[in-house]
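# Descriptive structure summary
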Amino acid sequence: MSYALKLSFSHKVALAILFILVLWVATGPAHTEDVTERPLSQEELNLMVAYKVLKPETKERSVKVSAHVAANRAVDIVAEVSGKVTGLPATKGTQVNEGQLLLEIDQRNLPARLKQAEAQLKRRKLETQSTRNLFDRDLTNQSAVVIAESELAEAEAALTDIKLDLDATRVKAPFDGIYDQRYVEEGEYVSPGTALVRVIDNRTMLIKGALSEKSINDVSVGSEAYAELPTGKRVKGTIRFIAASASADTRTYAVEMEVTGDRAGLYDGQTATLIIPQGKQDAYEISPALLIIAEDGGLGVKLLDEDNRVVIVSVDILEAGTDGIWIYGPEGDIRLITVGQGFVDIGQKVEAKEQESSRSKKNEDTDITQQDDDAGDNQQRAADV
């Protein structure tokens, strides 16, 4: 009996607790916390970036072109007649003068043919003169005179051809220069079109390169320039030629500098860098990692204006420095975004903190990492909203 009473009491307690729970759920808690979502303030949305104040430094600006050394002229002389090479009177690699004999080809029967042609021409002259005399005395007609004159002209042409062939057996230098190459040996048989020797005019040396479309307006004929060789040698000169049309393959314009200084140590085909000075230019040294691709396809950097809004300024690379690259394009002092630039867009207002330039590299790297993390957190908060 007592056990039944105990069960009944337990049931009553359970029912009472259940009733209280149902009542609490139905009426709600006595105090509810306001959890209504609200937008983040503009201050919370602003991203954190770091910047450096850069002051311009005056540098020499130049147009630099990958180029090579070239002789003013280089001619491969080819055989004009057939025959065996019978003489090599000049030494390859030496300085030669215009008209100097370089190579001889067997003349074979050309001297005899020359005498025959000279005799034939003499006979045709006499026959033509006789025919004209007969025509003047009305003893022959005009047609006979025309035939005689035609045969005379053929004899003159035949003699000229033989003289040219005979002269072609003696290969001579076309101008003063270096006897650079010989492609045949004595005793070798050659035919018309066979390359025999090469002569290079090294009295005038050139530096040849190609200007980009961007630089074509910065260079003009007559501009002073210089070239640097891999050996460290520097040679001065003047721009003497700029192509009027671009290469169809590279869209670049051929340019030539004539060397006016010392030509010693210059050889046809050497690698060189052609440099055309453009005067003074305000420039800034930055890390290459801070460069971005602008909307026009060129290079740019992200800066802060006086209202801490992000702006993009187009820049050009001036030269490589010891700790980075030198750029030009902006004017005056600039505030260059150095940390967080990947998270901000043009026109966006940001919270900015100046990056101390006097800090150690280790501390600077630590701060940059922390600022990147903060910028990422800010971006995530803005995305969540």
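Each chain has its residues counted from 1, running along the sequence as written. Residues qualify for local features only when their pLDDT is at least 70, as the model is predicted, and side-chain atom pairs are given and counted only at 80 or more; totals for whole chains, interfaces and linings, by contrast, use all residues. The basis for every side-chain value is the complete set of heavy atoms in the structure, and neither hydrogens nor water enter the calculation.

## Here's the deal with the overall build of the chain
Strands are runs of DSSP state E lasting at least 2 residues, helices are runs of H or I lasting at least 4, and numbering of each runs from the N terminus. The helix and strand inventory of the chain stands at five helices and 19 strands. Within the chain, the proportion of its 385 residues that are buried is 31%. Per-residue and other accessible areas follow the Shrake-Rupley method at a 1.4 Å probe size, with only the shown protein chains counted as cover for residues. Summed over its atoms, the accessible surface of the chain is roughly 23800 Å², and 50% of this surface lies on carbon and sulfur atoms. Each residue gets one of three labels from its accessible area relative to the maximum for its type: buried under 20%, exposed over 50%, partly exposed in between, using a 1.4 Å probe on protein chains only.

## Quick look at a nonpolar patch on the surface
On the surface, a cluster of nonpolar side chains totalling about 340 Å² of accessible area is made up of Phe19, Ile20 and Leu23. Position of isoleucine 20 among the secondary structure elements: in helix H1 (residues 2–27). The residues that make up patches have over 30% relative accessible area and no salt bridge, and they are joined within 9 Å when like-charged or within 5 Å when they are Val, Leu, Ile, Met, Phe, Trp or Tyr. Put simply, a salt bridge is a Lys or Arg side-chain nitrogen that is within 4 Å of an Asp or Glu carboxyl oxygen.

## Digging into the nonpolar core
By convention a nonpolar core is built from buried Ala, Val, Leu, Ile, Met, Phe, Trp, Tyr and Cys residues, the set being connected through side-chain atoms within 4.5 Å. One finds Ile207, Leu211, Ile239, Met257, Leu274 and Ile276 to be the most contacted residues of the largest nonpolar core, which totals 26 residues. Tallying contributions element by element places strand E2 (residues 57–78) first for this core, with five residues. Sequence-distant contacts of isoleucine 276, defined by excluding residues within four places in its chain, comprise Ser62, Val63, Val65, Val219, Ser223, Glu224, Ala225 and Ile239. Counting 19 residues, the second largest nonpolar core, distinct from the first, contains Ala79, Leu102, Ile105 and Leu196. The criterion used for residue contact is that any of the two residues' heavy atoms lie within 4.5 Å.

## Topic: the layout of surface pockets
Of the grid points, spaced at 1 Å and generated over the protein atoms alone, those admitting a 1.4 Å probe that cannot get out make up cavities, while open sets with protein on both sides within 12 Å along at least five of seven lines make up pockets; any residue with an atom within 4 Å of a point is treated as lining. Grid points are joined across faces, edges and corners, and a volume is the space filled by probe spheres set on the points. Empty space within the second largest pocket amounts to approximately 360 Å³. Lining the second largest pocket are 18 residues, with Ser62, Val63, Lys64, Ser215 and Ile317 sitting closest to its centre. Put simply, the parts of the chain that give the lining of the second largest pocket at least two residues each are E2, strand E9 (195–211) and strand E16 (310–320). For the lining of the second largest pocket, the element with the highest residue contribution is E2, accounting for six residues. The residue makeup of the lining of the second largest pocket, split by class, is seven nonpolar, five polar and six charged. Residues are grouped as follows: nonpolar covers Ala, Val, Leu, Ile, Met, Phe, Trp, Tyr, Cys and Pro; charged covers Asp, Glu, Lys and Arg; every other residue, Gly included, is treated as polar.

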